[in-house]
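# Geometric and topological summary
Chain by chain, the residues:
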Amino acid sequence: MEQPTFSKGLEGVVAASSDICNIDGNAGKLYYRGYSIEDLARHSSFEEVTFLLLNEHLPTKTELEDFQGKMRKSRALNPEIREMIRNFPAEGKPMELLQAVISYLSGYVEHKIQHSAFCDCRITLHQVVQLASVVATYQRLKEGKEYVEPDPTLSHGGNFLYMMRGKKPEDYEDRIMDVCLLLHAEHGFNASTFTARVVASTVSTCYSSISAAIGALSGPLHGGANEEVLKMLDKIGSVKKVDGWFAKAIENKQKIMGYGHRVYKTKDPRAVIIEGFLKELSEKKNDFRDYDILKKLEAKALEVLSTKDNPVYPNVDFFSGSVFKLLGIPPYLFTPIFAIGRVPGWLAHILEQRKDNRLYRPKSLYHGPDPRPYVLTEDR
Ligand code: ACO
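Because the structure is predicted, anything quoted here is derived from the model rather than measured.

### Quick word on the site of the ligand
Around the ligand, the structure places 16 residues, and the nearest of them are K255, I256, G258, Y259 and N310. G258 places a polar main-chain atom, nitrogen or oxygen, 2.8 Å from an oxygen atom of the ligand. A distance of 2.8 Å separates a nitrogen atom of the ligand from a polar atom in the backbone of Y259. Split by residue class, the shell around the ligand holds seven nonpolar, six polar and three charged.

In structure tokens form, the structure reads like this:
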């Protein structure tokens, strides 16, 4: 019998066709449904990109107003969810809290919608919206402060900052946070998106798909490199120490965090935009420590590490942790923020999977023992 082909980690395997996201790793380009990330970052918003990903086209003015209105109405957390956050064990991880809340939210959705095999997750938009409110409230309560009611005049990103800090963000902070979420909204067939699609292929609900995707994202090989970048910056300490630290890192074959990418063979287009935000925030807050270290590190790494055969450049995580830090967000919320941003992408993939579904059921190569007789306990 012909042996099936095997690719560890499914590397190089095409597992589906998709109309959602296109990445040109050599040119450093990323498109959501054909729109470049640069155009979207300049002109769009997280809410509009959510509409685009879920509905396959940019909204008209009326569609956008209607969609935004619905999203903003879903921001407030009901008392049960606030209590759930309050009672979450202090040692628990916020990603696990997000999984639990998503599962809990399913209970609020009409039985008919929830359990219809191909339920339209565009109807249950609170999955997109409430994750941000949950993360903000988690931080408020952790600091011993009270829940803040959402502000419908703010963008999705701006309202997240408001609900977390209890103080309205500056306009530039509102825009930067919102665009950072937009830049995380979709990125093709990564591990969490694939997870969401596998669960969707069983005709399970979008709640179980999203909860599973959050679980996949919580692993350190997927989310969390920007948190590591901040630790690296603290170890380096100042721009003067970059040369010495870098030489030692190379000697010890240590990876530069936030650097390199499986797909991008040039600077990640999201890193280009986020670097601009870091520069802007550093100027506004008169705090250039991270920006200066990162620029020097980038130059050193380009000079020493990057070759024609092995091009390595900053990825999305290189500058984002410092941006979040300057926005007052603690590092343990960086991966939950990734989830807040990515949920529209997951939902778009769930809808796409449902449009032309086939249950995922790959094979494995068996290397275990040959058939053998069962031995009774007393004879072992
Ligand atoms: N620092 C130093 N050298 C690097 C780095 C880096 N960050 N990234 C790649 N290289 C070098 C490797 O040492 C290797 O060189 P060699 O062939 O001489 O041994 C070569 O480039 C290829 O590296 P691989 O790790 O094999 O490349 P791969 O495509 O498998 O890895 C990865 C990509 C995992 C992202 C890697 O670049 C890395 O570990 N980066 C640091 C962690 C990080 O930033 N992760 C976030 C990724 S983006 C995201 O998930 C949202």
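### Focus: the pattern of salt bridges
Here the structure, examined in full by the defined rule, presents 29 salt bridges. Among the salt bridges present, the one from K29 reaches E38, with a minimum N-O distance of 3.3 Å. Among the residues examined, K29 registers a relative accessible area of 25% and is labelled partly exposed. A relative accessible area of 21% places E38 in the partly exposed class.

### Here's the deal with the sheet that holds strand 2 (residues 29–32)
One open sheet accounts for three strands, arranged 1-2-3; its pairing is antiparallel. The open sheet has two free edges, formed respectively by strand 1 (21–24) and strand 3 (35–36), since each of these has just one partner strand. As defined by bridge partners, strand 2 adjoins strand 3 across two bridges and the pair is classed as antiparallel. Residue pairing across strands places Y31 opposite S36, the latter belonging to strand 3.

### Let's talk about the packing of aromatic side chains
The final tally for this structure, using the stated rule, is six aromatic pairs. With a centroid separation of 5.7 Å and 75° between ring planes, the pair formed by Y259 and F318 is classed as edge-to-face. A residue pair is termed long-range when its members are at least 10 positions apart, and Y259 in the loop between helix 13 (242–251) and helix 14 (269–285) and F318 in helix 16 (residues 317–326) qualify at 59 residues. Taken together, a centroid distance of 5.0 Å and an interplanar angle of 90° make the contact between F318 and F319 edge-to-face. The burial state of F318 is the same as that of F319; both residues are buried. A connected cluster of aromatic rings, assembled from ring pairs, spans F189, F194 and Y360.

### What about helix 9 (residues 171–183)?
Helix length check: helix 9 (13 residues) gives 18 Å between terminal C-alpha atoms against 18 Å at 1.5 Å per residue, within 8%. Most of helix 9 sits inside the fold, with 11 of its 13 residues counted as buried.

### Comments concerning the nonpolar core
Core analysis: the biggest nonpolar cluster contains 103 residues, and F160, V323 and I329 have the highest contact counts within it. Top contributing element to this core by residue count: helix 17 (residues 334–355), with 11 residues. Residue-level mapping places this core at the junction of two domains, with at least three residues from each of domain 1 (17–218 + 330–355) and domain 2 (225–326). Discounting chain neighbours no more than four positions away, the residues touching I329 are F160, L161, M164, M177, F324, F334 and I337.

### Structural notes on the domain arrangement of the protein
With domains assigned, the protein is organised as domain 1 (17–218 + 330–355) and domain 2 (225–326). Computed from C-alpha coordinates alone, the two centres of domain 1 and domain 2 are separated by 27 Å. Each partner contributes residues to the interface: domain 1 has 27 residues there, and domain 2 has 23 residues. Here domain 1 packs against domain 2, burying approximately 2100 Å² in sum over the two surfaces, 73% of which is carbon and sulfur. Our enumeration of links across domain 1 and domain 2 arrives at two salt bridges. Close ionic contact of K285 with E173 constitutes a salt bridge, the shortest N to O distance being 2.8 Å. Linking domain 1 with domain 2 are five residue pairs in polar contact (both at pLDDT 80 or more). Counting only elements with at least two residues in the side of domain 1 that touches domain 2, the list comes to strand 1, strand 2, helix 1 (37–43), helix 9 and helix 17.

### Some remarks on the packing of helix 5 (residues 94–105) against helix 11 (residues 206–217)
At a minimum axis distance of 9 Å, the contact between helix 5 and helix 11 shows a crossing angle of 175°. When the axis of helix 5 is compared with that of helix 11, the two are roughly antiparallel. Taken together, the residues of helix 11 that come into contact with helix 5 (itself represented by M95, L98, Q99, I102, S103 and L105) are Y207, I210, S211, A212, I214, G215 and L217.

### Focus on helix 17
Relative to the 32 Å expected for 22 residues at 1.5 Å per residue, helix 17 spans 32 Å between its end C-alpha atoms, a close match to the ideal helical length. Bending of helix 17 peaks at approximately 45° at the position of R342, with proline P344 no more than four residues after it. The buried count for helix 17 comes to 21 of 22 residues, which makes it a mostly enclosed element.

### Some thoughts on the state of the cysteines
Scanning the entire structure with this criterion turns up zero disulfides. The closest cysteine sulfur to the non-disulfide-bonded C21 is located on C180, 17 Å from its own sulfur. With a relative accessible area of 19%, C21 lands in the buried category.

Calculation notes
- Residues numbered from 1 in each chain as written.
- Predicted model: local features only at pLDDT ≥ 70, side-chain atom pairs only at ≥ 80, totals over all residues.
- Heavy atoms only, no water.
- Near = heavy atom within 4 Å.
- Polar contact = N/O pair within 3.5 Å; in protein donor to acceptor, adjacent residues only side chain to side chain.
- Nonpolar A, V, L, I, M, F, W, Y, C, P; charged D, E, K, R; others polar.
- Salt bridge = Lys/Arg side-chain N within 4 Å of Asp/Glu carboxyl O.
- Buried < 20%, exposed > 50% of the residue type's maximum accessible area, 1.4 Å probe, protein only.
- Pairing = 2+ DSSP bridges.
- Helix = DSSP H or I, 4+ residues; strand = E, 2+ residues; numbered from the N terminus.
- Phe/Tyr/Trp six-rings, centres within 6.5 Å; stacked < 30°, edge-to-face > 60°.
- Expected span 1.5 Å × (residues − 1).
- Core = buried A, V, L, I, M, F, W, Y, C linked by side-chain atoms within 4.5 Å.
- Domains from an automatic or database assignment.
- Contact = heavy atoms within 4.5 Å.
- Buried area = accessible area lost by both parts, 1.4 Å probe.
- Axes fitted to C-alpha atoms, helices over the stretch in contact; angles between N-to-C directions.
- Parallel < 35°, antiparallel > 145°, perpendicular 65-115°, else oblique.
- Bend = angle between axes of the 7 residues up to and from the residue.
- Disulfide = S-S within 2.5 Å.

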